[in-house]
Amino acid sequence: MEIHIVIDDAVVRRTLRRGRAVALAAILCLGSALAFAGPVTHSFTSGGVISSSEVNQNFLDVLGYELQDIVGEHHRMFCRAEESERPEYAQFWRRLRRGEPDEGEYRRVGSDGRDIWIRASYNPVMGPDGKPAKIVKYAMDITEARVREADASARLRALDKV
């Protein structure tokens, strides 16, 4: 079995054989590749409160926070009020509490109020009782790509008016 991990145009390739030890090596390889490529990761309680044990520096750097600014706070601190007050946001957390993962592109807000776009997956981690013990998020900052896309769309709309 081969595992190819593609992150930000960098390809990390490992050829693996079958077996439990190899499966563990694959997991470690994936973790190393993700850490090397710089994903934005952190975890929440199943209720959405940010845990201190699993916030990486990339996350803090992208959003412009220090660890002490966010630990114990609810995830909604990274959302605009009009988004976190919508029924869809409550439904998002209900699905996660049921153990259903979620992925997509999301607008978040940095400590300075600027919009930050991420492509993320929110992954419930089940506890021994079969219920989500925590939610782990893996994300990539796609703000630059979204800005370029918006700029290109605006230019096309301007050309359509000519």
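Described below are features of the structure shown in this document. (Residues numbered from 1 in each chain as written. Predicted model: local features only at pLDDT ≥ 70, side-chain atom pairs only at ≥ 80, totals over all residues. Heavy atoms only, no water.)

1. Re the pattern of salt bridges
- This structure, assessed with the given rule, holds twelve salt bridges.
- Between arginine 107 and glutamate 83 there is a salt bridge; the shortest N-O distance is 2.6 Å. With arginine 107 in strand 4 (residues 102-109) and glutamate 83 in helix 4 (residues 81-84), this residue pair connects regions lying 24 residues apart in the sequence.
- Of the charged contacts, one joins aspartate 115 and arginine 107 as a salt bridge, the two residues approaching to 3.6 Å between their closest N and O atoms.
- Residue class for aspartate 115 comes out partly exposed when judged on its relative accessible area of 31%.
- For arginine 107, a relative accessible area of 21% gives the class partly exposed.
- Members of the salt-bridge network, linked through shared partners, are Arg80, Glu82, Glu83, Arg107 and Asp115. (Salt bridge = Lys/Arg side-chain N within 4 Å of Asp/Glu carboxyl O. Helix = DSSP H or I, 4+ residues; strand = E, 2+ residues; numbered from the N terminus. Buried < 20%, exposed > 50% of the residue type's maximum accessible area, 1.4 Å probe, protein only.)

2. Quick notes on the packing of aromatic side chains
- One pass over the structure, following the stated rule, counts nine aromatic pairs.
- With a centroid separation of 5.7 Å and 75 degrees between ring planes, the pair formed by tyrosine 65 and phenylalanine 78 is classed as edge-to-face. Here phenylalanine 78 lies in the loop between helix 3 (67-70) and helix 4 and tyrosine 65 lies in the loop between helix 2 (57-63) and helix 3, a separation of 13 residues in the sequence. Phenylalanine 78 carries the same exposure label as tyrosine 65, and that label is buried.
- For the ring pair tyrosine 89 and phenylalanine 92, a centre distance of 6.1 Å and an interplane angle of 25 degrees mean the geometry is stacked. Taken together, the residues span about one helical turn, with tyrosine 89 and phenylalanine 92 both in helix 5 (residues 87-97) at a distance of three residues. Here tyrosine 89 matches phenylalanine 92 in class, with each residue buried.
- Aromatic rings pair up to connect Phe44, Tyr89, Phe92, Trp93, Tyr106 and Tyr122 into one cluster.
- One Lys or Arg, arginine 146, reaches over the ring of tryptophan 117 and ends 3.6 Å from the middle of that ring. (Phe/Tyr/Trp six-rings, centres within 6.5 Å; stacked < 30°, edge-to-face > 60°. Lys NZ or Arg CZ within 6 Å of the ring centre and 35° of its normal.)

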